[in-house]
Amino acid sequence: MFRAGSQYLTNKSGEVNRLNVFPVPDGDTGSNMAHTLDFAVKEMEKASDDMNEVLNNLSRGALLGAKGNSGVILSQIIRGFAKSLLNHDEITTKDFAEALNAGSAIAYKAVMKPTEGTILTVIRDCANEALKLTSVNDFEIFMENIVKAASESVKRTPDLLPVLKQANVVDSGGQGFLFILIGMLQAIKGHEIVVQHVVEDIHKKESNIADIKFTYCTEMLIDAKSKNSSKLKAEIESFGDSIIIVGDEDLIKVHIHTNSPGLVLQKGLEYGELVKVKIDNMKLQHENVIFESNKDRNTYVKKYGFLAVSPGEGISSLFKDLGCDIVIDGGQTMNPSALDILNGLKEINAEDIIVFPNNKNIVMTCEQAKSLSDKNVYVINTYSFNQAISAMINFDVNTNVDDAIKNINDTIQKVTTVEITYSIRDTVLNGTEIKTGEILGLVNGQFVDKGTDYNEVARQIVINAISDDTSIITIYYGKEVEEENAKKLLNTIVFDGDVELQYGGQPLYYYVISIE
């Protein structure tokens, strides 16, 4: 039943993916649920015919293979289901119904703020219907009624969740769960599920010390008599990268990664007295030099370790330059699994490990990996990579972990994220009609504007988002944007502060713009 349910969902994963509420090209609920169940089934098939071993492998496989919020919730359903059936020699319809209820209960507990009109509602409705059918001994009739209950529950989800009704879709997670049940029913009827699609996996990429081009993270605070930050930037930009220069009254704050910190300080002295100077050797600071010298990586424990999920090659390079130990490919439509995160954590030998999911749909997966790890892991609720970059730039390794986490969260709160993408279907958002292919602009995940030119939509949103407190704007342009086009956007943003341009290489999103 689980094998058939997995394959049926995999075949239908594209259909589930298209049910995302926002019409942006990042629907991956179907793919995430399919990967989760596929991994669970493969682990299950490694077991002997012992019932407990089958169930334990199924449960652990679901936990390790979970991808995205929908995958994590599905793994919790399977976990509760499997736990309920331990120590059974055979499974009756009554046992199955109780197992569904156990799965529903654990899934609800796993979600901090359970929302009705989602997969949680569908599994609960199925479980309740199953309990009414415990007198039915025929599993085929039993499952037919459960599938019917699931189908009706999915149809009701727009009535329970207004955002679904506005987008004219049913809940994607609930639909995915329905497909699993349909596959199970097909197995009971003796029908073979024809393979139409195969689940693909995503592998992590680790940071390499050789990839860090500039060794010294150099910061200085200059007591300057006037704001010359733009001129200073032009004079030191050839010394390195990751340059941030912010002017505040008579002070200039400089951050740069360089191999020549002395030259940077000398140039800073031309602008005024150096009030504060900090130079960190990033290779030593993050202890990656230990790997290079072929020492036993298990004999030395550093204070802090970092793992970040990155959606593009340019972003990955930035994280590596900032000293991130493990960088894992991931983002919209390519969520890493709990096992990917867990394997990354195993590679980091540190007292405390800080994890940046950088996507709302990856936070629960990281939390699940944390629960499976025996290390001190802190998952930060970063919903976009630019938040993590700001946090790492401002990170102080000399603080204790409680203060470090507080400082990170304080930094994130000061970051506004603008995303520019496109619509994959006709819909209505906040009363605005959206046509397929139109450019969409989002601020902190919420739709705010549309248009036909991604530069113009980006420019207008940024101008509206700038406040008196804004000190720096960083534009990360995606893999579909030519550098010349990105420079045109840069030149149209008039702002009394610094505007940076970085290659992000992220798919689907023309720009991710950080306003701090």
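Residues numbered from 1 in each chain as written. Predicted model: local features only at pLDDT ≥ 70, side-chain atom pairs only at ≥ 80, totals over all residues. Heavy atoms only, no water.

K.L.:
Got a minute to help me understand the overall build of the chain in this structure?
P.N.:
Broken down by element type, the chain carries 21 helices and 17 strands. Residues classed as buried in the chain amount to 54% of the 516 residues present. By sequence separation, contacts in the chain at least 24 residues apart represent 71% of the contacts at least 6 residues apart. (Helix = DSSP H or I, 4+ residues; strand = E, 2+ residues; numbered from the N terminus. Buried < 20%, exposed > 50% of the residue type's maximum accessible area, 1.4 Å probe, protein only. Contact = heavy atoms within 4.5 Å.)

K.L.:
Could you clarify how one ought to interpret the environment of Val147 in this entry?
P.N.:
Tracing the backbone through its elements, the reader meets Val147 in helix H8 (residues 139–160). Taking relative accessible area as the criterion, Val147 reaches 12% and is therefore assigned buried. Remark: the alpha-carbon pair of Val147 and Met184, spanning 37 residues in sequence, is separated by 9.4 Å. With sequence-adjacent residues up to four places away left out, Val147 is seen in contact with Leu178, Leu181, Ile182 and Leu185.

K.L.:
Teacher, can you tell me more about helix H17 (residues 363–372) here?
P.N.:
Side chains that are three or four residues apart share a direction in an α-helix, a result of its 3.6 residues per turn. Here H17 has its buried residues at Val363, Thr365, Cys366, Gln368 and Ala369. Looking at the packing, one finds that the buried side of H17 touches helix H4 (51–65), helix H5 (68–84), helix H16 (338–346), strand S8 (350–356) and strand S9 (377–379).

K.L.:
Where do I start with the pattern of salt bridges in this structure?
P.N.:
Where charged atoms from two side chains of opposite charge come close, those side chains can pair. All told, the structure shown has 15 salt bridges when counted by the stated rule. Here Lys12 and Glu15 are joined by a salt bridge, their closest N and O atoms 3.7 Å apart. What makes Lys12 partly exposed here is its relative accessible area of 26%. Judged by its relative accessible area of 36%, Glu15 is partly exposed. (Salt bridge = Lys/Arg side-chain N within 4 Å of Asp/Glu carboxyl O.)

K.L.:
Would you mind showing me how to read the nonpolar core here?
P.N.:
Note that soluble globular proteins tend to have their nonpolar side chains buried in a common cluster. If you look at the biggest cluster of nonpolar residues, it comprises 51 residues, and the most contacted ones within it are Phe2, Phe177 and Leu181. For this core, the secondary-structure elements that each account for two or more residues are helix H1 (2–11), helix H3 (29–44), H4, H5, helix H6 (93–110), helix H7 (119–132), H8 and helix H10 (172–188). Element by element, the count of residues in this core is highest for H10, at eight residues. Once residues within four sequence positions are removed from consideration, Leu181 is found in contact with Cys126, Met143, Ile146, Val147 and Ala150. Phe319, Ile389, Ile405 and Leu429 belong to the second largest nonpolar core, which has 33 residues in total. (Core = buried A, V, L, I, M, F, W, Y, C linked by side-chain atoms within 4.5 Å.)

K.L.:
Just to check I follow, could you spell out the sheet that holds strand S17 (residues 511–515) for this structure?
P.N.:
Here we have six strands laid out as an open sheet, ordered S14-S13-S10-S17-S15-S16, and mixed in their pairing. Since the sheet does not close on itself, it has two edges, and those belong to strand S14 (446–451) and strand S16 (498–503), each with one partner. The mean angle between the axes of side-by-side strands here comes to 20°, regardless of whether they run parallel or antiparallel. With five bridges joining them, strand S15 (residues 472–477) and S17 adopt antiparallel strand pairing. Its bridge partner being in S17, Ile473 is matched across the sheet by Ile515. Packed on one face of the sheet, helix H18 (residues 385–393) meets strand S10 (416–422), S15 and S17 and runs near 40° to S17. (Pairing = 2+ DSSP bridges. Axes fitted to C-alpha atoms, helices over the stretch in contact; angles between N-to-C directions.)

K.L.:
Would you mind showing me how to read the packing of H3 against H5 here?
P.N.:
In helix packing, the relevant descriptors are the interaxial angle and the interaxial distance, both defined with respect to the helix axes. Their axes nearest at 7 Å, the elements H3 and H5 cross at an angle of 35°. Seen from above, H3 lies across H5 with right-handed handedness. Counted together, Thr29, Asn32, Met33, Thr36 and Leu37 of H3 and Gly68, Ser70, Gly71, Leu74, Ser75 and Ile78 of H5 form the full contact between these two elements. Class assignment for the residues of the contact of H3 with H5 results in four nonpolar, seven polar and no charged. (Left-handed = near helix turned anticlockwise from the far one by under 90°. Nonpolar A, V, L, I, M, F, W, Y, C, P; charged D, E, K, R; others polar.)

K.L.:
Got a minute to help me understand the pairing of S15 in this structure?
P.N.:
Strand residues, when the strand is regular, have side chains that alternate between the two faces of the sheet. In terms of burial, S15 is largely enclosed, as six of its six residues are buried. With six bridges joining them, S15 and S16 adopt parallel strand pairing. Residue pairing in the sheet places Tyr477 in a bridge with Tyr503 of S16. Where the polypeptide runs from S15 across helix H21 (residues 483–492) and back to S16, its parallel neighbour, the crossover connection is right-handed. (Right-handed = clockwise from strand over helix to strand, strands pointing away.)

K.L.:
It is not clear to me how H4 should be interpreted in this structure. Could you clarify?
P.N.:
Taking 1.5 Å per residue, 15 residues should reach 21 Å; H4 reaches 21 Å between its end C-alpha atoms and fits that length. Buried within H4 we find Leu55, Leu58, Ser59, Gly61, Ala62, Leu63, Leu64 and Gly65. Contacts made by the buried residues of H4 are with H1, H3, H5, H16 and H17. Two to three positions downstream of the cap, the backbone nitrogen of Asn52 sits 3.2 Å from a side-chain oxygen, assigning the N-cap of H4 to Asp50. (Expected span 1.5 Å × (residues − 1). Polar contact = N/O pair within 3.5 Å; in protein donor to acceptor, adjacent residues only side chain to side chain.)

K.L.:
When you look at the packing of aromatic side chains in this model, what are you seeing that I'm missing?
P.N.:
The description of an aromatic ring pair uses the distance of the two centres, along with the angle that the planes make with each other. Taken as a whole and judged by the stated rule, the model has 14 aromatic pairs. Taking 5.9 Å as the distance between ring centres and 55° as the angle between the ring planes, the aromatic pair formed by Tyr8 and Phe179 counts as tilted. Taken as a pair, Tyr8 in helix H1 and Phe179 in helix H10 lie far apart in primary sequence, 171 residues in all. Neither residue differs from the other here; Tyr8 and Phe179 are each classed as buried. Plain terms: the ring middles of Tyr422 and Tyr510 are 6.1 Å apart, the flat faces sit at 50° to each other, and that makes the pair tilted. Remark: Tyr510 occurs in the loop between S16 and S17 and Tyr422 occurs in strand S10; sequence separation between them is 88 residues. (Phe/Tyr/Trp six-rings, centres within 6.5 Å; stacked < 30°, edge-to-face > 60°.)

K.L.:
Sorry if this is basic, but what is going on with the side chain of Asp125 here?
P.N.:
As for its position among the elements, Asp125 is in helix H7. Judged by its relative accessible area of 17%, Asp125 falls in the buried class.

K.L.:
Explain unusual backbone geometry to me, please; I cannot follow it from the model alone.
P.N.:
Keep in mind that most residues, glycine aside, have a negative phi and that most peptide bonds are trans. Positive phi is not limited to glycine here, since Asn358 has a value of about 60°. Along the chain, Asn358 falls in the loop between S8 and H17. The backbone of Leu508 sits at a positive phi, close to 70°, despite the residue not being glycine. Structurally, Leu508 is set in the loop between S16 and S17.

K.L.:
What's the story with the packing of H6 against H7 in this structure? I'm lost.
P.N.:
The geometry of H6 relative to H7 is characterised by a closest axis approach of 8 Å and an angle of 155° between their N-to-C directions. Between H6 and H7, the crossing angle belongs to the class labelled roughly antiparallel. The handedness of the crossing between H6 and H7 comes out as left-handed. Together, Ala97, Glu98, Leu100, Asn101, Ser104, Ala107 and Tyr108 of H6 and Leu120, Thr121, Ile123, Arg124, Cys126, Ala127, Asn128, Ala130 and Leu131 of H7 make up the contact between the two elements. (Parallel < 35°, antiparallel > 145°, perpendicular 65-115°, else oblique.)

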